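# Coordinate inspection notes
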6 protein chains.
Amino acid sequence: MIFITRRERFNAAHKLYREDWSVEKNNDTFGKCANPNWHGHNYELFVTIKGGINPETGFVIDLKDLKKIIIANVIDPLDHKNINLDVDFMKGKLASTEILAVEIWNQLEQPIKQLGVALHRIKLFETENNYVEYFGA
Amino acid sequence: MIFITRRERFNAAHKLYREDWSVEKNNDTFGKCANPNWHGHNYELFVTIKGGINPETGFVIDLKDLKKIIIANVIDPLDHKNINLDVDFMKGKLASTEILAVEIWNQLEQPIKQLGVALHRIKLFETENNYVEYFGA
Amino acid sequence: MIFITRRERFNAAHKLYREDWSVEKNNDTFGKCANPNWHGHNYELFVTIKGGINPETGFVIDLKDLKKIIIANVIDPLDHKNINLDVDFMKGKLASTEILAVEIWNQLEQPIKQLGVALHRIKLFETENNYVEYFGA
Amino acid sequence: MIFITRRERFNAAHKLYREDWSVEKNNDTFGKCANPNWHGHNYELFVTIKGGINPETGFVIDLKDLKKIIIANVIDPLDHKNINLDVDFMKGKLASTEILAVEIWNQLEQPIKQLGVALHRIKLFETENNYVEYFGA
Amino acid sequence: MIFITRRERFNAAHKLYREDWSVEKNNDTFGKCANPNWHGHNYELFVTIKGGINPETGFVIDLKDLKKIIIANVIDPLDHKNINLDVDFMKGKLASTEILAVEIWNQLEQPIKQLGVALHRIKLFETENNYVEYFGA
Amino acid sequence: MIFITRRERFNAAHKLYREDWSVEKNNDTFGKCANPNWHGHNYELFVTIKGGINPETGFVIDLKDLKKIIIANVIDPLDHKNINLDVDFMKGKLASTEILAVEIWNQLEQPIKQLGVALHRIKLFETENNYVEYFGA
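Quick summary incoming for the structure in this document. Just so it is clear, the structure is predicted and the values come from calculations on it, not from any experiment. (Residues numbered from 1 in each chain as written. Chains lettered and ligands numbered in written order. Predicted model: local features only at pLDDT ≥ 70, side-chain atom pairs only at ≥ 80, totals over all residues. Heavy atoms only, no water.)

Our next topic: the overall build of chain A. When helices and strands are tallied, chain A shows four helices and five strands. The secondary structure elements of chain A, listed N-terminal to C-terminal, are β-α-β-α-β-α-α-β-β. Considered along the principal axes of its C-alpha atoms, chain A spans approximately 60 × 25 × 20 Å. In chain A, which comprises 137 residues, the share counted as buried stands at 64%. Taking contacts inside chain A between residues at least 6 apart in sequence as the whole, the part at least 24 apart equals 67%. Positive and negative side-chain charges of chain A, numbering 17 and 19 respectively, have mean locations separated by a distance of 3 Å. (Helix = DSSP H or I, 4+ residues; strand = E, 2+ residues; numbered from the N terminus. Buried < 20%, exposed > 50% of the residue type's maximum accessible area, 1.4 Å probe, protein only. Contact = heavy atoms within 4.5 Å. Lys, Arg positive; Asp, Glu negative; His and termini not counted. Charge placed at Lys NZ, Arg CZ, Asp CG, Glu CD.)

Dropping the structure here:
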């Protein structure tokens, strides 16, 4: 068993805001992140796969295939987008880094399984000072 | 003459979009950056000062003073904000990295002069793949 | 279960030196790190929390609360200090990165528990070439 | 139990190519990495050790000893070399990052055991966009 | 006048070796870099442009155009290649970082001029410990 | 004319403190940096050389020679040392980053000249948030 990780990046806007709460409660809970006019980040995503080494190729997985899956399922829907407004798999959900990491896992788990390997970890940096890791439910 | 540089960071949303252009022309010119629902970045700002060394302190400038000036004039107005909507000194201007760097220079030039030193350079990273440098008009 | 990590940094002086050993034995064991006049580092600390996602906020923990706990219990006592002389929780202990990581864990475990989540890992970089990880006793 | 990690780096050439396959099959499988005239990388290697803290020294292991073992067994054989042609422990093996990480583990496991601690993880970056982790068989 | 910089990366093999010198003289002069079987690097290239800001777009230059020029003229010829054997514009030249930076300048100067702006600087990292800057003849 | 830069690093302790001032004045002027028991940093030093390319070797300078000069004149005297107490060329001087950069220039200018090239710039990072650049008197 060996682990291989691919990094991809995307830029997106979001806010942390609940429509069913008052402005005050949003500000108290989410601080500057509740700015109604949005703010944004350069997100950095690390996708880790686990599997055995294919003796024919020396690969766990062809990284070009993994890259295509990440681009199609995660980067294209998120890059230069508004996470709250533009992203189908985030509709109706709070745009926290935690929930975004879980939903990225949900987007990638099946397509990666179809390559014959298992998704092991999603690691998502919002800034260089904070990141989230998710290993599945 | 010696140069000293302070790094500060901010997160913000923006889009590259002209209201006086059609959607098509905006998309042709600005690509993904024209997304009407905004996107955003972790900006990294490097402010470089030039001056002589004060023999009393060994400093060109007290970095705590420089930090306060940058926070008050640049970071507070920009951090967790929408550059197009929330930032007075960017009102009516295109939110490109180039114009943002020039306007950050304009915010900092006078307050830094009042400390007895000169602003030398604004270096502004939008992502780890591109940055702008401005040395004044 | 999800993991969230906050980075903080501090600068400190230390030496690796046992008063009950000869100068020679200290030098043989600790090399350049035994310099009696101290040396120092920019330490980089990553604190990882594990917990469930609060469905009200989308957070495992409010990072502003976590930051306050780290600043009060770790950064304020260590930043711009001498680890051997100035830091109560390091008194009488060897100032190795290993022991420092364990003692940082001991400072943070209880205050973090009181937020309703669990401390998972302390990761402490002494330089970009070496770091220590501790997951508790 | 605590974990300590040492970073070392090396530059090397390689190609992903099987002599028993046609040029077409090599290109289909390995893409640009099959270039017959080689290409190369700045590899970044992180070696993680686990063990208890020696109460005499505050160390899990003397990092100078660990560094010597890594230099002698991994860096000297690999640095400024051709992985396919010059490296005894890679002879007859595909020069993928996965297999290289496993073989680096095999070089380091015994010498590290003789220091009284255990090798925990090999983490090997081929570029800043992909890395492999191996925890032993 | 403002400066904008784009980063691109490529992996390549090379050696520092003169066919008209003996093996000994090559080894004495170029050390480990003379390994006849090649070694390689992850090169990091920063291309800096200077120009005025186009008031229509807020851009000095469309970075998508700059990226295309760099990919076509520099990255495609160099990435996953052998600098000594595979690269037309390096034929018959020593594959030092200095000469490579100059030749990258020569590849980019004219295409960039045709966009109406001027190439200002080539900055080329061979490793994180050394880089070359060239501003033209 | 071309520029080549070598990075080296060192760890050191220092304080910003004038013995001819009161404790209060030191604290007012230098803040946390005046801690009498010292603090310290991982310094990162970039030394830039300018010169022509030697057509025999493709080099401005052999980086192994430059490295030796930097190690002998700057890193050995500073690494794992106390800048205020242990370093001859800093005796009687304030240990600010500015003055340290100037004195590093003074240590390197002549030995580099003897290699037939010119020292162009000293760039010295105290932390990732601040650095000083010096180009000579």
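Here the focus is the pattern of salt bridges. Scanning the entire structure with this criterion turns up 65 salt bridges over all chains. When the shortest N-O distance is used, the salt bridge between C:Glu128 and F:Arg7 registers 2.8 Å. Placement of the pair is C:Glu128 in the loop between β4 (118-127) and β5 (130-134) and F:Arg7 in strand β1 (residues 2-14), with the two residues belonging to separate chains. Three or more residues joined by partner-sharing salt bridges are found here, namely A:Arg7, A:Arg9, A:Glu44, B:Glu128, D:Glu128, E:Arg7, E:Arg9 and E:Glu44. (Salt bridge = Lys/Arg side-chain N within 4 Å of Asp/Glu carboxyl O.)

Let's shift gears to the packing of aromatic side chains. We describe a pair of aromatic rings using the distance from one ring centre to the other and the angle between the two ring planes. Under the counting rule described, the total for this entry stands at 42 aromatic pairs over all chains. Ring plane angle 80° and centroid distance 5.5 Å describe the contact between A:Phe135 and C:Phe3, whose orientation is recorded as edge-to-face. Of this pair, A:Phe135 sits in the segment after β5 (130-134) while C:Phe3 sits in strand β1 (residues 2-14), on two different chains. Both rings, one in F:Phe46 and one in F:Phe125, keep their centres 5.9 Å apart while their planes meet at 65°; by these two values the pair is edge-to-face. Of the two residues, F:Phe46 is situated in strand β2 (residues 39-51) and F:Phe125 in strand β4 (residues 118-127); the sequence distance between them amounts to 79 residues. Accessibility assignment for this pair places F:Phe46 and F:Phe125 in one class, buried. An aromatic cluster of at least three residues, connected via ring pairs, comprises A:Trp21, A:Phe30 and C:Phe59. Against the face of C:Tyr17 rests C:Lys15, its NZ or CZ located 5.0 Å from the ring centre. (Phe/Tyr/Trp six-rings, centres within 6.5 Å; stacked < 30°, edge-to-face > 60°. Lys NZ or Arg CZ within 6 Å of the ring centre and 35° of its normal.)

Turning to the relation of the copies chain B and chain A, a few remarks are in order. Under the fitted operation, chain B is carried onto chain A by 0.0 Å of movement along the axis and a turn of 180°, and the coordinates agree to an RMSD of 0.0 Å. Accordingly, the operation relating the two chain copies is best matched by a two-fold axis. Looking at the interface residues of chain B, 100% of them are also at the interface in chain A, so both copies use one shared face. (Least-squares fit on C-alpha atoms with pLDDT ≥ 70 in both.)

Here we come to the environment of E:Tyr131. Mapping E:Tyr131 onto the fold places it in strand β5 (residues 130-134). Along the chain, E:Tyr131 and E:Thr97 lie 34 residues apart, while their C-alpha atoms are 7.6 Å from each other. Beyond its immediate chain neighbours, meaning those up to four positions away, E:Tyr131 contacts E:Lys123, E:Leu124, E:Phe125, F:Phe3, F:Ile4, F:Thr5, F:Phe46, F:Thr48 and F:Arg121. A distance of 3.0 Å separates the side chain of E:Tyr131 from the side chain of F:Arg121, its partner in a polar contact. (Polar contact = N/O pair within 3.5 Å; in protein donor to acceptor, adjacent residues only side chain to side chain.)

With that settled, consider the environment of E:Ser96. Locating E:Ser96 in the fold gives a position in the loop between α3 (83-86) and α4 (97-113). Residue class for E:Ser96 comes out buried when judged on its relative accessible area of 2%. Apart from the residues lying within four places of it in its own chain, the contact partners of E:Ser96 are E:Leu16, F:Gly58 and F:Phe59. Among the polar contacts made by the side chain of E:Ser96, one reaches the main-chain carbonyl oxygen of F:Gly58 at a distance of 2.6 Å.

Residue and element names in this part refer to chain D. Among the five residues that make up strand β5 (residues 130-134), five are buried, leaving the element largely enclosed by the rest of the structure. Residues of β5 alternate between two faces, with Asn 130, Val 132 and Tyr 134 on one and Tyr 131 and Glu 133 on the opposite face, all of them buried. Examined bridge by bridge, strand β4 (residues 118-127) and β5 share five bridges and lie antiparallel to one another. Within β5, the position partnered with Leu 124 by the bridge is Val 132. Counting the residues in the hairpin turn of β4 and β5 gives two residues. (Pairing = 2+ DSSP bridges.)

Turning our eyes to something else, we now look at helix α1 (residues 23-30) of chain A. For α1(A), every residue scored as buried is listed here: A:Asn26, A:Thr29 and A:Phe30. Down the axis of α1(A), the smallest arc covering the buried residues is 75°, so these residues share one side. For α1(A), the exposed residues set more than 90 degrees away from the buried face come down to A:Glu24 and A:Asp28. Residues of α1(A) that are buried in the fold lie against α2 (63-78) of chain C. With its phi angle positive at about 60°, A:Gly31 sits one or two positions after the end of α1(A). (Arc of directions from axis to C-beta.)

All names here are of chain B. Across the interface, helix α2 (residues 63-78) lies against helix α4 (residues 97-113) with an axial gap of 10 Å and an inter-helix angle of 145°. The two elements α2 and α4 meet at a crossing, and its hand is right-handed. In contact with Leu 66, Ile 69, Ile 70, Asn 73, Val 74 and Leu 78 of α2, α4 contributes Leu 100, Ile 104, Gln 107, Leu 108, Pro 111 and Ile 112. Considering only residue class, the contact of α2 with α4 consists of 10 nonpolar, two polar and no charged. (Axes fitted to C-alpha atoms, helices over the stretch in contact; angles between N-to-C directions. Left-handed = near helix turned anticlockwise from the far one by under 90°. Nonpolar A, V, L, I, M, F, W, Y, C, P; charged D, E, K, R; others polar.)

Next up on the list: the interface of chain B and chain A. Between chain B and chain A, the residue contacts involve 25 residues of the former and 25 residues of the latter. Each partner contributes to the roughly 1,900 Å² buried at the junction of chain B and chain A, and carbon and sulfur atoms together form 41% of this total. On the chain B side of the contact with chain A, B:Asn37, B:Asn42 and B:His80 bury the most area, a combined 29% of that side's loss. In this assembly, chain B and chain A are joined by six salt bridges. In this structure, A:Arg9 engages B:Glu128 in a salt bridge whose closest nitrogen and oxygen atoms are separated by 2.4 Å. Across the contact surface, chain B and chain A share 22 residue pairs in polar contact (both at pLDDT 80 or more). For the side of chain B that touches chain A, the elements supplying multiple residues, two or more each, are β1 (2-14), β2 (39-51), β3 (81-82), α3 (83-86) and β4 (118-127) of chain B. In terms of residue class, the side of chain B that touches chain A is made up of five nonpolar, 11 polar and nine charged. (Buried area = accessible area lost by both parts, 1.4 Å probe.)

With that out of the way, let us pick up the side chain of C:His39. Tracing the backbone shows C:His39 in strand β2 (residues 39-51). Exposure remark for C:His39: the relative accessible area of 0% places this residue in the buried category. For C:His39, the side chain forms a polar contact with the side chain of C:His41, separated by 3.5 Å. Other than its neighbours up to four places away in sequence, C:His39 contacts C:Ala12, C:Ala13, C:His14, C:Lys15, C:Lys32, C:Cys33, F:Asn11, F:Ala12, F:Ala13, F:His80 and F:Lys81.

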